[in-house]
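# Descriptive structure summary
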Amino acid sequence: MRTASPIGLHRVLSPPGALPQAAHRLDASPGLWPGETRLRVERLNLDAASYRQLSDKHHGDGAAVRGEVLEIIRSRGKMHNPVTGSGGMLVGVVEEGPAFPAGTRVATLVSLTLTPLVLTSTTWDGLSEQVPCDGHAILFERSVAAELPADLPVPLALAVMDVCGAPALTQRVVLKYRDMEMVAGVASGQAGRVVAKFRDGESSSAGRMVRKYRDPVVAVLGAAGKSGSLSLAAARRAGARTIGVVLTEREATTVEGLADRVLVADARDAVALADLGADVTVVCVDVPGCEHAAILATRDGGTVVFFSMATSFPAAALGAEGLGADVTMLIGNGYAPGHAALALDLLRAEPGVRAAFEERLR
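All of these numbers come straight from a predicted model, not from anything done at the bench.

## Observations regarding the overall build of the protein
Tallying secondary structure elements over the protein gives 12 helices and 14 strands in all. Taken across its 362 residues, the protein has 52% of its residues classed as buried. Sequence separation of 24 or more characterises 66% of the internal contacts of the protein that already satisfy a separation of 6 or more.

In structure tokens, the structure reads:
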């Protein structure tokens, strides 16, 4: 029997020794190795930064965008934009393999940049992020996927699952921040029993005082987008006060019900965002050049979460150094345990989130 790597090393064609995500080319042949699962592909969801880069490059010419995406997949054996380094994810039906019963419709929760992929046909016009298509894809033993919910249209569920890591990480950062601040409050002389009562939901005046003092401020740049609207909802659910930064008045209307404060500004304008004083800033903008604005929007000792594939990490690191900014900077990891369930729950529970997604899918 052939031996296979659970992370897909056996599918790497070049360069030798690379992991599938970093590889230039993958073997996307349909025959399965042990532990692999093959999907019949129904729809791709290109990540926002990748699609915007391609659309801008071709000046909105859908046919040219379509042609370049198909050529990337043909030549690389995966959808891996060479400029942004990103791809997206997909929906498909299980044909064979141990991950799910045959016939299960699933969304992959790993990037197309590491997923062996062949497209045989598509009706896509190149004018949107979602690509209806036919073909096959391969999941490795450690590839993460989730069964699609029956109560949501496939395009909507796919759009949510594409960015489900963003609200999960935002929630985690906010909750850790609150825990850290509560511990600091005890250390500075506040009564431990007051903090305990606050944690249990006690509504005494002392409890309200601690709540007001401890609630962090979370600013989301690109708040009207998919990951942005979910991050706003996750931050508020975790107890934060929220600021949604959007580019237009129309986008401001979209997030009014999700943010405590809405700011219309260009997320690349560092001066415009310099006085936000956020404890946590989440970057969900799909264009480059937002690194310095995010750093200046964050107070000393705060945290910046870069959840955009358009981020230049050298610009972020060197910019923070040059600005003398004492901030923690995190790379948005697209995986967290339970991230799909959390994102879908936010979509169902928050009308504002669903409205933002449906507006984008029109």
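## Things to note about the sheet that holds strand β9 (residues 217-221)
Pairing is parallel across the open sheet formed by six strands, whose spatial order is β11-β10-β9-β12-β13-β14. Taken across any chain shown, the strands that pair with only one partner, and hence form the sheet edges, are β11 (261-264) and β14 (328-331). Here the average twist between neighbouring strands, direction ignored, is 20 degrees. As defined by bridge partners, strand β12 (residues 278-283) adjoins strand β13 (residues 298-306) across five bridges and the pair is classed as parallel. Counted as the bridge partner of threonine 281 is valine 304 from β13. Packing of helix α7 (residues 226-237) onto the sheet brings it into contact with β9, β10 (241-246) and β12, and relative to β10 it is tilted by some 165 degrees. In the packing of helix α10 (residues 313-323) onto the sheet, the strands contacted are β13 and β14, and the crossing angle to β14 comes to about 175 degrees.

## Focus on the pattern of salt bridges
Following the criterion strictly, the structure yields 21 salt bridges and no others. When the shortest N-O distance is used, the salt bridge between aspartate 260 and arginine 236 registers 3.0 Å. Here aspartate 260, found in the loop between α8 (249-255) and β11, pairs with arginine 236, found in helix α7; they are 24 residues apart in sequence, far enough to count as distant. According to the relative accessible area criterion, arginine 236 is partly exposed, its value standing at 32%. Measuring nitrogen to oxygen at the nearest pair gives 3.0 Å for the salt bridge that ties arginine 268 to aspartate 266. Salt bridges sharing common partners tie together Arg52, Glu129, Asp162, Lys226, Asp286 and Arg360.

## Description of the nonpolar core
Formed by 50 residues in total, the largest nonpolar core has its most connected members in Met161, Val218, Leu230 and Phe357. Beyond its immediate stretch of four places on either side in the chain, methionine 161 contacts Met89, Ala107, Leu109, Ala146, Glu147, Leu148, Pro149, Ala340 and Leu344. Ranked by size, the runner-up nonpolar core spans 25 residues in total, among them Val217, Ala297, Val304 and Val327.

## Details of the environment of glycine 165
With respect to the helices and strands, glycine 165 occurs in helix α4 (residues 165-187). When the C-alpha positions of glycine 165 and tyrosine 335 are compared, they lie 5.3 Å apart, and in sequence the two are 170 residues distant.

## With respect to the confidence of the model for the protein
Scored by pLDDT, the protein has a mean of 90; 90% of the residues are at 70 or more. Contacts for the low-pLDDT stretch residues 188-213, under 50 throughout, to residues beyond four places or in other chains number 19 contacts.

## Some words on α7
Taking 1.5 Å per residue as the helical rise, α7 with its 12 residues ought to reach 16 Å, and the 17 Å between its terminal C-alpha atoms agrees with that figure. In terms of residue burial, α7 counts as a mostly covered element, since 10 of its 12 residues are buried.

## Let's talk about the pairing of strand β3 (residues 37-46)
With respect to burial, β3 is a largely interior element, seven of its 10 residues being buried. As judged from the eight bridges shared by β3 and strand β7 (residues 130-139), these two strands associate in the antiparallel manner. Bridged to threonine 37 within β7 is leucine 139.

## Considerations on the environment of alanine 107
For alanine 107, the location among the structural elements is in strand β5 (residues 105-108). C-alpha separation for the pair alanine 107 and valine 93, spaced 14 residues apart in sequence, amounts to 8.8 Å. Beyond its immediate sequence surroundings of up to four residues, alanine 107 is in contact with Met89, Leu90, Val91, Ala145, Ala146, Leu148 and Met161.

## Some thoughts on unusual backbone geometry
Going from serine 14 to proline 15, the amide bond is cis rather than trans, its omega being -10 degrees. Of note, proline 15 is situated in the loop between β1 (12-14) and β2 (25-26). If you check the backbone angles, histidine 59 has positive phi at about 55 degrees while not being a glycine. Owing to a relative accessible area of 75%, histidine 59 belongs among the exposed residues under this scheme.

## Some words on the packing of helix α1 (residues 48-57) against helix α2 (residues 62-76)
Between α1 and α2, the shortest axis-to-axis distance is 9 Å and the interhelical angle comes to 125 degrees. Overall, the two elements α1 and α2 adopt an arrangement that is oblique. Once α1 is placed against α2, the crossing between them reads as right-handed. Here Tyr51, Leu54, Ser55 and Lys57 of α1 come into contact with α2, specifically with Val65, Glu68 and Val69. For the contact of α1 with α2, a count of residues per class yields four nonpolar, one polar and two charged.

About the cut-offs
- Residues numbered from 1 in each chain as written.
- Predicted model: local features only at pLDDT ≥ 70, side-chain atom pairs only at ≥ 80, totals over all residues.
- Heavy atoms only, no water.
- Helix = DSSP H or I, 4+ residues; strand = E, 2+ residues; numbered from the N terminus.
- Buried < 20%, exposed > 50% of the residue type's maximum accessible area, 1.4 Å probe, protein only.
- Contact = heavy atoms within 4.5 Å.
- Pairing = 2+ DSSP bridges.
- Axes fitted to C-alpha atoms, helices over the stretch in contact; angles between N-to-C directions.
- Salt bridge = Lys/Arg side-chain N within 4 Å of Asp/Glu carboxyl O.
- Core = buried A, V, L, I, M, F, W, Y, C linked by side-chain atoms within 4.5 Å.
- pLDDT = per-residue confidence, 0-100.
- Expected span 1.5 Å × (residues − 1).
- Parallel < 35°, antiparallel > 145°, perpendicular 65-115°, else oblique.
- Left-handed = near helix turned anticlockwise from the far one by under 90°.
- Nonpolar A, V, L, I, M, F, W, Y, C, P; charged D, E, K, R; others polar.

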